[in-house]
Amino acid sequence: VSALAPLGQQMAPYACQRRTPLLHSNQPLTEALETLAEDAGFSGSEGRSLAFTRAASVLKALPGRLSALEELGPLPGIGEHSRRVIQDVLEDGVSVEVERVKLSERYRTMKLFTKIFGVGVRTASRWYQEGLRTLVDLQERNTKLTRQQQAGLRHYEDLNTPVERGEAESIGRMVQEAVQRFLPGASVTLAGGFRRGKPHGHDVDLLLTHPEAGREAGLLSRVVSWLDSQGLILYQHSQENSFALHEGPEPPGGRDVLDRFERCFSIFRLEAQGRLGAARGWKAVRVDLVVAPVGQFPFALLGWTGSRHFERELRRFAGHERKMVLNSHTLYDTRLNLFLPAASEEEIFQHLGLEYVPPTQRNA
Ligand code: TTP
Ligand code: MN
Ligand code: MN
Ligand code: MN
């Protein structure tokens, strides 16, 4: 028995109770499990998908490289199927099941289609059933596309080229400059994977707020119009704020609508940063802009920093262990029947009775 065994046994059951760094020692194992999670998601098996995601997440939090299944001990959240996959990869270097999935026509096609901005599992699956297999098929068979999907297809290559941190920071500055024009004192915060320390990402997530509540109203449409007039926006689609406190908290585990902030899903035209490979002089980059009133800002920041699995676990912990409802707007205590305000992410963790987990340790 190796040194990992006692450590494995100390592993807390919820990902939000653990520290999960970006880099960890079990990459081949987590990649295999995440491929199976993705494939299960592609066939609509959310439960199975979550089970593989949970197992991968536990391995990411291990303090060292796993060399034998026995070292895991009775770890929470790693089911029988996942154990089998782990064992195969440990013993043979690969899992036959995972390799088969990766080569399957269905997995490859679903991956190709869901990488189009605006295409989810349901649409991709329908196209697959209709016999479509390539991006050219979509065009040749005159598949009906939304405006968002058309933009996604037009910029497919750029949008599937990782966004570098420097590019994300440039976009942050562009937005900050526009914001200052219309509302001095407002702030722009880089959230998402970059806040967790990732060196690159699939998009740029920016949170806008102003220290005086209410001042942020109307800001987003002005900012987006101005950027658009400067030729910096290739696509945008905005949603109004649909959050109302008087509606009370939403039941946890309901729909996957994550929040109701005023927001803009967009594609920016970013001038080349003097790097290689930007022969055209510019690059299309996905940008999410979200506006939060200052009172909800810590909740929005926590919600938009991710990872998705970390967020899901925070909400599950809040509901199951504390009888509280957490979302990107508020924290509600159902036993005391009141909202618990917070001025920082730290205070939200305190309300939940959780040790604070800094953004770079939320890579669950
Ligand atoms: P993403 O941008 O999808 O993911 P990411 O930034 O972690 O990774 P990547 O580098 O690939 O971009 O989502 C960021 C966070 O935003 C995620 O924790 C979930 C949250 N989110 C919401 O709260 N509401 C939403 O409507 C969406 C789309 C995301
Ligand atoms: Mn992101
Ligand atoms: Mn990456
Ligand atoms: Mn995003």
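Residues numbered from 1 in each chain as written. Chains lettered and ligands numbered in written order. Predicted model: local features only at pLDDT ≥ 70, side-chain atom pairs only at ≥ 80, totals over all residues. Heavy atoms only, no water.

Caption draft 1: Summary view of the site of ligand 1. Residues in contact with ligand 1 amount to 16 residues; listed here are only the nearest, G193, K198, H202, D203 and R263. A distance of 2.8 Å is found between an oxygen atom of ligand 1 and a backbone nitrogen or oxygen belonging to G193. Between an oxygen atom of ligand 1 and a side-chain N or O atom of K198, the distance comes to 2.8 Å. Notes on ligand 1: free accessible area 600 Å², of which the protein chains cover 85%. At the level of secondary structure, the elements contributing two or more residues to the shell around ligand 1 comprise helix 12 (192-195), helix 14 (297-305) and helix 15 (308-322). A breakdown of the residues in the shell around ligand 1 according to their chemical character gives two nonpolar, six polar and eight charged. (Near = heavy atom within 4 Å. Polar contact = N/O pair within 3.5 Å; in protein donor to acceptor, adjacent residues only side chain to side chain. Areas by Shrake-Rupley, 256 points an atom, 1.4 Å probe, with all protein chains shown as cover. Helix = DSSP H or I, 4+ residues; strand = E, 2+ residues; numbered from the N terminus. Nonpolar A, V, L, I, M, F, W, Y, C, P; charged D, E, K, R; others polar.)

Caption draft 2: Representation of the packing of helix 5 (residues 96-103) against helix 6 (residues 105-114) within the structure. Interhelical geometry of helix 5 versus helix 6 gives an angle of 60° and a closest axis separation of 4 Å. In this view, helix 5 runs oblique relative to helix 6, as classed from their interaxial angle. Contacts between helix 5 and helix 6 involve V101, K102 and L103 from the first element and E105, Y107 and R108 from the second. In the contact of helix 5 with helix 6, the residues fall into three nonpolar, no polar and three charged. (Axes fitted to C-alpha atoms, helices over the stretch in contact; angles between N-to-C directions. Parallel < 35°, antiparallel > 145°, perpendicular 65-115°, else oblique. Contact = heavy atoms within 4.5 Å.)

Caption draft 3: Region of interest: the sheet that holds strand 10 (residues 338-339). Spatial ordering of the open sheet is given by 8-9-10, a layout of three strands whose pairing is antiparallel. The sheet terminates laterally at strand 8 (324-326) and strand 10, the two strands that pair on one side only. As paired strands, strand 9 (residues 331-333) and strand 10 are joined by two bridges and run antiparallel to one another. The residue bridging D333 from the neighbouring strand is L338, located in strand 10. Contacting strand 8 and strand 9, helix 16 (residues 345-352) runs over the sheet at an angle of about 155° to strand 8. (Pairing = 2+ DSSP bridges.)

Caption draft 4: Local environment of the confidence of the model for the chain. For the chain, mean pLDDT is 93; residues scoring 70 or higher make up 92% of the total. Predicted confidence is poor over residues 251-256, with pLDDT under 50, and the contacts of this stretch with residues over four places away or in other chains come to two contacts. Here the predicted complex carries an ipTM of 0.94, next to a pTM of 0.93. (pLDDT = per-residue confidence, 0-100.)

Caption draft 5: Geometry of the pattern of salt bridges. Taken as a whole and assessed by the stated rule, the structure comprises 14 salt bridges. Here E99 makes a salt bridge to K102, at a shortest N to O gap of 3.5 Å. A residue pair is termed a helical-turn pair when its members lie 3 or 4 positions apart in one helix, as E99 and K102 do in helix 5 at three residues. E99 sits in the partly exposed class, given a relative accessible area of 30%. Residues joined by salt bridges that share partners form a network here, namely R54, E313 and R316. (Salt bridge = Lys/Arg side-chain N within 4 Å of Asp/Glu carboxyl O. Buried < 20%, exposed > 50% of the residue type's maximum accessible area, 1.4 Å probe, protein only.)

Caption draft 6: Summary view of the coordination of the manganese ion (ligand 4). The protein atoms that coordinate the manganese ion (ligand 4) are D203 (OD), D205 (OD) and D288 (OD), at distances spanning 2.1 to 2.3 Å. Summarised as a motif, the one-chain spacing of the donors to the manganese ion (ligand 4) is D-x1-D-x82-D. Metal-to-metal, the separation of the manganese ion (ligand 4) and the manganese ion (ligand 2) is 3.6 Å; D203 coordinates the two. Of this pair, D203 sits in the loop between strand 3 (200-201) and strand 4 (204-209) while D288 sits in strand 7 (residues 282-291), and the two are 85 residues apart along the sequence. Here D203 matches D288 in class, with each residue buried. (Donors = N, O, S within 2.8 Å, 3.2 Å for Na, K, Ca; no water.)

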